[in-house]
Amino acid sequence: MTADRMLLDDYSLEITARDGDRLTEAAPLIPAGTRVNITALGTEDPTARLALAASAHRLGLTPVAHLSARRLTSEQELRSELQALADQETSASVVVVGGDPRRPEGPFDSALSVIETGLLPEHGVRQVGVAGYPDGHPDIDDATLVSALQHKLAVLDAQELEATVLTQFSFDVDAVVAWITRVRDLGVTVPVRIGVPGPTSVKRLLAFARRCGVSTSAGVARKYGLSLGNLLTTAGPDAFVDELSGRLDAASHGDVRLHLFAFGGPQSTAEWARVHSRR
Ligand SMILES: NC(=O)C1=CN([C@@H]2O[C@H](COP(=O)(O)OP(=O)(O)OC[C@H]3O[C@@H](n4cnc5c(N)ncnc54)[C@H](O)[C@@H]3O)[C@@H](O)[C@H]2O)C=CC1
Ligand SMILES: Nc1nc(=O)c2c([nH]1)NC[C@@H]1CN(c3ccc(C(=O)N[C@@H](CCC(=O)O)C(=O)O)cc3)CN21
């Protein structure tokens, strides 16, 4: 198996609640059991996210609902959301992120505070994803991020939950390789999924990068293949993934896979993964 195929083997796909119908259309392109992550945006109807989790499950995929700590207005809301996922048998895997609101909307200020409630395993959760930041975070310093990561993994381990680290997307292979090396050196052994945008217009990629605090310096953009002078062209992660796979080896970097953000919709991202994993 080539290095690209290892990275793309068992990739995960992140979509939003609005992508429901489009997931059904894209499903024939997606390997059975693939994890489909459902972003927590705060703008969508929570029932739409539940419906999408149910639909992914029916399509033979593995739904992974995201919980956003700072967007939860009460512990009751967390309980209801988990119970609703459990009732439709879609609670086995979730992701817990801090959430973008500057001030928490309820009792939870971080992913850790949600995990520490102990409510996840009580509702049938067995596997939990937490976030990693190869490019850093605009509002949170690196030391805080790394200690939060270690703390979350320790508590998940104590709760006998499987953990995965899902990274924020990045256009910078050097930063990603350095970050994987750093967390492995710190003793993080769990699987890591590197966030990569699926193909979409340069314009959309730049807008998402700005919104999510991801850097797009001129050098990084050029190497990635983002032509800043032509915003309507489509940019895919081909060069990024080829270089990343050439620079990783399982012995020193452990279990590393791709987490594809379907910014251009599930179909184009799934098609990209299918073509690229055959090369
Ligand atoms: N929706 C998504 O898919 C993603 C969201 N993010 C965002 O990245 C940020 C950090 O998330 P996690 O790594 O899960 O952190 P976390 O919840 O583990 O928190 C790490 C530390 O940063 C603080 N913190 C958390 N969110 C913050 C915020 N919005 N502003 C200032 N301080 C904050 C926490 O109190 C804690 O001390 C959040 O804003 C999160 O929403 C990151 C990646 C993906
Ligand atoms: N700090 C941070 N906050 C986030 O919210 C966030 C990240 N990082 N990292 C990446 C994920 C993926 N995210 C997203 C956000 C929007 C769409 C999206 O397709 N939005 C549609 C509208 C969909 C809707 O409103 O339901 C769009 O056309 O913009 C996809 C992924 C948000 N995410």
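The structure contained in this document is the topic of the report that follows. (Residues numbered from 1 in each chain as written. Chains lettered and ligands numbered in written order. Predicted model: local features only at pLDDT ≥ 70, side-chain atom pairs only at ≥ 80, totals over all residues. Heavy atoms only, no water.)

## Focus on the site of ligand 2
Okay, so step 1: Taken together, 14 residues sit near ligand 2, with Arg-18, Asp-100, Gln-168, Arg-204 and Cys-212 positioned nearest.
Okay, so step 2: Within the side chain of Gln-168, a nitrogen or oxygen atom sits 2.7 Å from a nitrogen atom of ligand 2.
Okay, so step 3: Contact distances for ligand 2 include 3.3 Å between an oxygen atom and a side-chain N or O atom of Arg-204.
Okay, so step 4: Considered on its own, ligand 2 offers 670 Å² of accessible surface; in the complex 78% of this is hidden by protein.
Okay, so step 5: With 4 residues, the top contributor of residues to the shell around ligand 2 is helix 9 (residues 202-212).
Okay, so step 6: When its residues are assigned to classes, the shell around ligand 2 shows 6 nonpolar, 3 polar and 5 charged. (Near = heavy atom within 4 Å. Polar contact = N/O pair within 3.5 Å; in protein donor to acceptor, adjacent residues only side chain to side chain. Areas by Shrake-Rupley, 256 points an atom, 1.4 Å probe, with all protein chains shown as cover. Helix = DSSP H or I, 4+ residues; strand = E, 2+ residues; numbered from the N terminus. Nonpolar A, V, L, I, M, F, W, Y, C, P; charged D, E, K, R; others polar.)

## Here's the deal with helix 4 (residues 75-87)
Okay, so step 1: Compared with the 18 Å implied by 1.5 Å per residue over 13 residues, the 18 Å span of helix 4 between its first and last C-alpha is a close match.
Okay, so step 2: Turning to helix 4, its buried residues number three or more, namely Leu-78, Glu-81, Leu-82 and Leu-85. Within helix 4, the buried residues cover an arc of 95° as seen down the axis, which keeps them to one side.
Okay, so step 3: For helix 4, the elements touching its buried residues are helix 3 (46-58), strand 3 (62-68), strand 4 (93-97), helix 5 (111-115) and helix 6 (119-122). (Expected span 1.5 Å × (residues − 1). Buried < 20%, exposed > 50% of the residue type's maximum accessible area, 1.4 Å probe, protein only. Arc of directions from axis to C-beta. Contact = heavy atoms within 4.5 Å.)

## Some words on the pairing of strand 4
Okay, so step 1: Among the 5 residues that make up strand 4, 4 are buried, leaving the element largely enclosed by the rest of the structure.
Okay, so step 2: Looking at chain direction, strand 3 and strand 4 are connected through 4 bridges and run parallel. Counted as the bridge partner of His-66 is Val-95 from strand 4.
Okay, so step 3: Remark: the strand 3/helix 4/strand 4 crossover connection has right-handed handedness.
Okay, so step 4: Relative to strand 5 (residues 127-132), strand 4 runs parallel, the two sharing 3 bridges. Each residue of the ladder has a partner; that of Ser-93, found in strand 5, is Gln-127. (Pairing = 2+ DSSP bridges. Right-handed = clockwise from strand over helix to strand, strands pointing away.)

## Quick word on the packing of aromatic side chains
Aromatic ring pairs are defined here through the distance separating the ring centres and the angle between the ring planes.
Okay, so step 1: Taken as a whole and judged by the stated rule, the model has 7 aromatic pairs.
Okay, so step 2: Considering the side-chain rings of Phe-261 and Phe-263, the 5.5 Å spacing of their centres and the 10° angle between planes classify their relative orientation as stacked. Phe-263 carries the same exposure label as Phe-261, and that label is buried.
Okay, so step 3: In textbook terms, an aromatic cluster arises when at least three aromatic residues are bridged by ring pairs, as seen for Phe-169, Phe-171, Phe-208, Tyr-224, Phe-240, Phe-261 and Phe-263. (Phe/Tyr/Trp six-rings, centres within 6.5 Å; stacked < 30°, edge-to-face > 60°.)

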